[in-house]
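Summary of the model geometry
For reference, the chains in residue letters:
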There are 4 protein chains.
Amino acid sequence: MANFGGHAIPGSFFLLLGFWLTVKNILQHYWRTSQPKGRQITPPFSRRMNYIEGGLLIFGAFVGIMVEQFVVDGPHAHLYDTEHNSWVKLMNWQHGTMYLFFGISGIALVASTASKLVPAGVDRLALSVALFVEGFLFYYHVHMRPPLDAHIHSLLLVAVFAGSASTMLEVFIRDNIILELLRGCLFILQGSWFYQIGFVLYPLSGPEWDLTLHDNIMFITMCFCWHLAVALLLVACISSVVWFTLKRFSGRGQDIEIGMRKTTSNSSSQKALLEESEEE
Amino acid sequence: MANFGGHAIPGSFFLLLGFWLTVKNILQHYWRTSQPKGRQITPPFSRRMNYIEGGLLIFGAFVGIMVEQFVVDGPHAHLYDTEHNSWVKLMNWQHGTMYLFFGISGIALVASTASKLVPAGVDRLALSVALFVEGFLFYYHVHMRPPLDAHIHSLLLVAVFAGSASTMLEVFIRDNIILELLRGCLFILQGSWFYQIGFVLYPLSGPEWDLTLHDNIMFITMCFCWHLAVALLLVACISSVVWFTLKRFSGRGQDIEIGMRKTTSNSSSQKALLEESEEE
Amino acid sequence: MANFGGHAIPGSFFLLLGFWLTVKNILQHYWRTSQPKGRQITPPFSRRMNYIEGGLLIFGAFVGIMVEQFVVDGPHAHLYDTEHNSWVKLMNWQHGTMYLFFGISGIALVASTASKLVPAGVDRLALSVALFVEGFLFYYHVHMRPPLDAHIHSLLLVAVFAGSASTMLEVFIRDNIILELLRGCLFILQGSWFYQIGFVLYPLSGPEWDLTLHDNIMFITMCFCWHLAVALLLVACISSVVWFTLKRFSGRGQDIEIGMRKTTSNSSSQKALLEESEEE
Amino acid sequence: MANFGGHAIPGSFFLLLGFWLTVKNILQHYWRTSQPKGRQITPPFSRRMNYIEGGLLIFGAFVGIMVEQFVVDGPHAHLYDTEHNSWVKLMNWQHGTMYLFFGISGIALVASTASKLVPAGVDRLALSVALFVEGFLFYYHVHMRPPLDAHIHSLLLVAVFAGSASTMLEVFIRDNIILELLRGCLFILQGSWFYQIGFVLYPLSGPEWDLTLHDNIMFITMCFCWHLAVALLLVACISSVVWFTLKRFSGRGQDIEIGMRKTTSNSSSQKALLEESEEE
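Worth saying up front: this structure is predicted, and the values here are computed from it rather than measured.

**Section: the overall build of chain A**
- Summing up its helical and strand segments, chain A has nine helices and two strands in all.
- Going from the N terminus to the C terminus, chain A shows its helices and strands as α-α-β-β-α-α-α-α-α-α-α.
- With 280 residues in all, chain A has 53% of them scored as buried.
- Once local pairs closer than 6 in sequence are excluded, the contacts in chain A between residues at least 24 apart make up 76%.

And the structure:
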């Protein structure tokens, strides 16, 4: 996938995942803070969102592996070519391996949502492992490339490993909204950086970048920080918009909420409200 | 031990240890979750399993050291050859040192199970130190080898140091089933990777691997991820099988359990049940 | 800004920030320990101090970016010179990027002080990210320089990354006075080290330093430790002075305090007292 | 101090400190576990031990700095020789800097024991910083030396930085006997390794070591693990001996203890007992 599209597809995927996680986590945080203490049931909209997220991860991973295998110049499920004594299209196999682990994290998410027997946190551990594997494979990916190419990929690793570390922390520190938003932010950063890599290595228009010029490396380093700033800004904006939308809806539903606090057993009306705002 | 057998023996050992830890930890987790709160006594089957584990570690370490010393081409307890002014078989001494620390961790496990005076967590600290020492010695082991040989050993270090770190975390975060299963998973990964090293460096059949080819290094990196995926799958399967076996047995013993919750002082019947399922 | 002034300005900024943080944290700690348990409202002087700190960070960042852009030999908001096909004054753009993130941390501080909706800890996360970005850009700043120049900048990184790590810890471990003072101490260290860099690279008087002599590198390493010792001493002194000043004032106001413990709802008199001592 | 004595003195110092810490921590742990819950006053013997430890650290640091400065071939408080335009005896100044930080940690220990105003944990932070500074200076110490010399010093760094990290953890996880014993163990390891360095680089008898032979490096790596095993063994033995000595004395004083649990306000008899066993 050494072309612009090959970077735009994972980029779009990670951008979407980042936005999705931000919205999901703000919804869950709103639910947690608006609940009276003691009532700590996972809200039904949260379960449904987890199923959707897990399902999409599994589906995406499956499609990704199939595409990498059976694309025109793919390995077509051949790993070793005994005729020429060489490995067949290892790049595609490596990408498939990365997808596999995101698929596993999707399975873990579905399983831990569906059953109480699966210990809480398994989904985050699996996501952390998926990010680690992605970074791990990329790390050995970038050997023997021109300086700018190696540098721009190693900056990607900063986002990947930071995401892996912050997701691993979530295994132990649960329901911490800062960590949850940080995870979303790092996914957005990773996604937008994939686009940046595409623009730099396979420019759609204009002159090619000089892959050995030191000034280019300096600019790209700074550019990574700008992407981070934009990702932080985006997460802050999305969070605010989602929060105040929820607030306005809850404001209308104030009477219902007051009623609820008296009859805590029947909380279906508020749940319906939350699901409504989620489906928008 | 520079042959296939020399890698298969530690590989089998770590595979077995990984399976054992997974089963033990699921049993303990089942016991913890099925107990009413407040009753937090260590179950007797758990103590017995710890004794067996510790005893086997001590026995294995002792046998390992003896074999490394008194094998035909071993050092026979000679460290320095004053005649030739050279060290005698340092490789064997290094392997013996690794065994020694696993033996120490066995002693720590037996001691902390036998006596309440030994602070809880000493066994995990000792195991973490044993893994650290293993990785530490391997790290200086792999200098000046062909690229693929060095790379395949340094991948082993990833599993070893990750195991050491996760076991160290268990000193502070106790009874966390995710960490416990992660430890089992990393032991299985380490064990299966030992086999992989054996297959690559001393192939039983077929052509020898080219130890300098970059494609081989790329394949091996990816192969490590596949081992990790298989290890995760194995731990998930074993856990499920053990859990549902316990469930079925407890299902039969439901009446007993209900009876127990009334007479909490006499819990011998359930314990017997758990030990029964453990001994299968 | 490759001159003495260019290092003295950030140096003074970080020194001031370090002193300010030390005083603020000691005031907050005094308030926390002198309050009866259960009453955990943020004191009003603390809010006002946070507004001042945040406002100054935003203002400083804005001025800094403007100066870097529109100084005589600055880039004047031009990033790429299409005529010569080269980047324009990347150094100034990098410094501006660093200021930007400190500005963002100022916004986060103001926002998290003003609204309860912003989760506690966002300000520390933003400050940690700002320090990380500073270190991150500096890290790629120092390539291809003479040994002493590279070394003296890499020592700065020790202070910057230690500050980033300790601030990140504060996201999770809140209201820990040791971490808070450590943060102040690391800012002071960073500030005084900026001055040291200025003195070494652009000596105001006397002979130039030999940038390749090994003895100079050894001295500078040791000198960094002396700066650390002085920073620790300064934080200890400032803390003691602030604490005992507060004590003396509270001593006078003892009767008020005793009165307060009876009428906990009306705590305006003590607050006024604390604000008085803060404004000195 | 490039001779055997120059390594034996810090070695003996760290060995003694390790033994002292082990005994002190076991005494404190015994006190903590034997106290009924709720009564969590620091025992008087503990305060006295802290004063002694802090005083000795301050005294030792002062003597160390003086010796390094005013030894026959020392710098005699001259830092820069303007005549020859060179630094004067930087090695001695560096050693003095290390002593300085251990002196500071002594002051922090005395201060935090003497006054409740000094936040708990400052003494551990100061000790952690002292170890960090020691490792930091050593790290730049070992450049451009023969391989074995550099290697044996970098192994020392493993003990130093592990000690710094575990002491830093104690700032946040207090009264954890495993961490406390680990600290003692790492000091013993550091002390015995100083002796080992002395024996290798300045052998008292026998032939000199070949500083470039790879086998020597392999042996020294393994030897470090043996030192670790011995340090673990020593800490285990000392802890057991101290604990059972305390037990026997408490056994005799059983009646007193039973009496105490009735009259909790008057606990002077048991305290006297503990102090008695401490002074042996």
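Back to the text.
**A short note on the interface of chain C and chain D**
- If you look at the interface, chain C gives 27 residues, while chain D gives 25 residues.
- For the chain C and chain D pair, buried surface summed over both sides reaches about 2300 Å², with 84% attributable to carbon and sulfur atoms.
- It is Ile178, Met218 and Met222 of chain C that lose the most area in chain C upon contact with chain D, and together they represent 26% of the buried surface on that side.
- Where chain C meets chain D, there are zero salt bridges.
- With 16 residues, helix α7 (residues 214-252) of chain C is the single largest residue contributor to the side of chain C that touches chain D.
- Residues of the side of chain C that touches chain D, tallied by class, amount to 20 nonpolar, five polar and two charged.

**Digging into the environment of glycine 5 of chain A**
- Position of glycine 5 of chain A among the secondary structure elements: in helix α1 (residues 4-34).
- Each C-alpha atom, one on glycine 5 of chain A and one on isoleucine 178 of chain A, is 33 Å from the other, the two residues being 173 residues apart in sequence.

**Things to note about the interface of chain B and chain A**
- The partner chain A presents 25 residues to the 27 residues of chain B that form the contact.
- Of the roughly 2300 Å² buried between chain B and chain A, counting both surfaces, carbon and sulfur atoms make up 84%.
- Considering only the surface of chain B that becomes buried against chain A, Ile178, Met218 and Met222 of chain B emerge as the three largest contributors, covering 26% of it.
- Seen at the junction of chain B and chain A, the total is zero salt bridges.
- Elements supplying a minimum of two residues to the side of chain B that touches chain A: α5 (147-172), α6 (177-201) and α7 (214-252) of chain B.
- Broken down by element, the residue count for the side of chain B that touches chain A peaks at 16 residues, all from α7 of chain B.

**Concerning the packing of aromatic side chains**
Residues and elements named next belong to chain C.
- Inspection of every chain in the model, using the stated rule, returns 92 aromatic pairs over all chains.
- Both rings, one in phenylalanine 4 and one in phenylalanine 199, keep their centres 5.0 Å apart while their planes meet at 45°; by these two values the pair is tilted. With phenylalanine 4 in helix α1 (residues 4-34) and phenylalanine 199 in helix α6 (residues 177-201), this residue pair connects regions lying 195 residues apart in the sequence.
- Under the relative-accessibility criterion, phenylalanine 4 is labelled buried at 18%.

**Observations concerning the packing of helix α3 (residues 90-114) of chain B against helix α4 (residues 122-141) of chain B**
Residue and element names in this part refer to chain B.
- At a minimum axis distance of 7 Å, the contact between α3 and α4 shows a crossing angle of 170°. Our classification of the angle between α3 and α4 gives roughly antiparallel. Within the contact between the two elements, α3 uses Met91, Gln94, His95, Thr97, Met98, Phe101, Phe102, Ser105, Ala108, Leu109 and Ser112 and α4 uses Val122, Asp123, Ala126, Leu127, Val129, Ala130, Leu131, Val133, Glu134, Leu137, Phe138 and His141.
- For the contact of α3 with α4, the residue count by class is 15 nonpolar, six polar and two charged.

**Overview of helix α1 (residues 4-34) of chain D**
Residue and element names in this part refer to chain D.
- Counted at 1.5 Å a residue, the expected span for α1 with its 31 residues is 45 Å, and the 45 Å between its end C-alpha atoms agrees.
- Taken across its 31 residues, α1 has 22 buried, putting it largely inside the fold.
- Where α1 starts, the residue carrying a side-chain oxygen 3.1 Å from the main-chain nitrogen of glycine 5 turns out to be asparagine 3.

**Regarding the relation of the copies chain C and chain D**
- Once turned by 90° and shifted 0.0 Å along the axis, chain C lies on chain D with an RMSD of 0.0 Å. Taken together, the rotation and translation relating the two chain copies correspond to the operation of a four-fold axis.

**What to know about the environment of alanine 130 of chain B**
Residues and elements named next belong to chain B.
- With respect to the secondary-structure elements, alanine 130 resides in helix α4.
- In this structure alanine 130 comes out as buried when scored by relative accessible area, which is 0%.
- Taking the C-alpha atoms as reference, alanine 130 lies 24 Å from histidine 78; in sequence the two are 52 residues apart.

**Some thoughts on a nonpolar patch on the surface**
Residues and elements named next belong to chain A.
- On the surface, Ile52, Leu56, Phe59, Phe62, Val63, Met66, Val67, Phe70 and Val71 cluster together into a nonpolar patch covering about 810 Å² of accessible area.
- Counting through the fold element by element, valine 67 comes out in helix α2 (residues 44-70).
- A relative accessible area of 44% means that valine 67 is categorised as partly exposed.

**Describing the nonpolar core**
- Among the nonpolar cores identified, the biggest contains 261 residues, and Trp193 of chain A, Trp193 of chain B, Trp193 of chain C together with Trp193 of chain D are the most heavily contacted of them.
- With sequence-adjacent residues up to four places away left out, tryptophan 193 of chain C is seen in contact with Ile152, Leu155, Leu156, Ile220, Cys223, Phe224 and His227 of chain C.

**Structural notes on the packing of helix α4 (residues 122-141) of chain D against helix α5 (residues 147-172) of chain D**
Residues and elements named next belong to chain D.
- At their nearest, the axes of α4 and α5 sit 8 Å apart, and the two run at 160° to each other. The angle between the axes of α4 and α5 places the two elements in the roughly antiparallel class. You can see that α4 and α5 cross each other, and the crossing is left-handed. Contact residues: α4 offers Arg124, Leu125, Leu127, Ser128, Leu131, Phe132, Glu134, Gly135, Phe136, Phe138 and Tyr139, while α5 offers His153, Leu156, Leu157, Val160, Phe161, Gly163, Ser164, Thr167, Met168, Glu170 and Val171.

**Some remarks on the pattern of salt bridges**
- Enumeration over the complete set of coordinates arrives at 24 salt bridges over all chains.
- Across the pair glutamate 170 of chain A and arginine 183 of chain A runs a salt bridge whose closest N-O atoms are separated by 2.6 Å. Separated by 13 residues along the polypeptide, glutamate 170 of chain A in helix α5 (residues 147-172) and arginine 183 of chain A in helix α6 (residues 177-201) bring together distant segments of the chain.
- You can call glutamate 170 of chain A buried: its relative accessible area is 1%.
- Residue classification places arginine 183 of chain A among the buried positions, given a relative accessible area of 7%.
- Note that aspartate 149 of chain D and arginine 145 of chain D form a salt bridge whose closest N and O atoms lie 3.4 Å from each other.
- Judged by its relative accessible area of 10%, aspartate 149 of chain D is buried.

**Considering the confidence of the model for chain A**
Residue and element names in this part refer to chain A.
- With 86% of its residues at a pLDDT of 70 or more, chain A has an overall mean of 85.
- Low pLDDT, under 50, characterises residues 254-280; the predicted model gives this stretch 35 contacts beyond four residues in sequence or across chains.
- With pTM at 0.87, the complex prediction returns an ipTM value of 0.85.

**Let's talk about unusual backbone geometry**
All names here are of chain A.
- A positive phi is found at histidine 76, a non-glycine position, where the angle reads about 50°.
- With respect to the helices, strands and loops of the structure, histidine 76 is situated in the loop between α2 and β1 (80-81).
- Positive phi, normally seen in glycine, also occurs at alanine 77, with a value near 65°.
- On the secondary structure map, alanine 77 appears in the loop between α2 and β1.

**So, the side chain of threonine 113 of chain D**
- Mapped onto the secondary structure, threonine 113 of chain D falls in helix α3 (residues 90-114).
- On the accessibility criterion, threonine 113 of chain D (9% relative accessible area) is buried.

**Overview of the environment of alanine 108 of chain A**
All names here are of chain A.
- Along the chain, alanine 108 falls in helix α3 (residues 90-114).
- Measuring from C-alpha to C-alpha, the distance between alanine 108 and glutamine 190 comes to 22 Å, with 82 residues separating the pair along the chain.
- Look past the residues within four positions of alanine 108 in its chain and what remains in contact with it is Val122, Asp123 and Ala126.

Cut-offs applied
- Residues numbered from 1 in each chain as written.
- Chains lettered and ligands numbered in written order.
- Predicted model: local features only at pLDDT ≥ 70, side-chain atom pairs only at ≥ 80, totals over all residues.
- Heavy atoms only, no water.
- Helix = DSSP H or I, 4+ residues; strand = E, 2+ residues; numbered from the N terminus.
- Buried < 20%, exposed > 50% of the residue type's maximum accessible area, 1.4 Å probe, protein only.
- Contact = heavy atoms within 4.5 Å.
- Buried area = accessible area lost by both parts, 1.4 Å probe.
- Salt bridge = Lys/Arg side-chain N within 4 Å of Asp/Glu carboxyl O.
- Nonpolar A, V, L, I, M, F, W, Y, C, P; charged D, E, K, R; others polar.
- Phe/Tyr/Trp six-rings, centres within 6.5 Å; stacked < 30°, edge-to-face > 60°.
- Axes fitted to C-alpha atoms, helices over the stretch in contact; angles between N-to-C directions.
- Parallel < 35°, antiparallel > 145°, perpendicular 65-115°, else oblique.
- Expected span 1.5 Å × (residues − 1).
- Polar contact = N/O pair within 3.5 Å; in protein donor to acceptor, adjacent residues only side chain to side chain.
- Least-squares fit on C-alpha atoms with pLDDT ≥ 70 in both.
- Patch = residues over 30% accessible without salt bridge, like charges linked within 9 Å, V, L, I, M, F, W, Y side chains within 5 Å.
- Areas by Shrake-Rupley, 256 points an atom, 1.4 Å probe, with all protein chains shown as cover.
- Core = buried A, V, L, I, M, F, W, Y, C linked by side-chain atoms within 4.5 Å.
- Left-handed = near helix turned anticlockwise from the far one by under 90°.
- pLDDT = per-residue confidence, 0-100.

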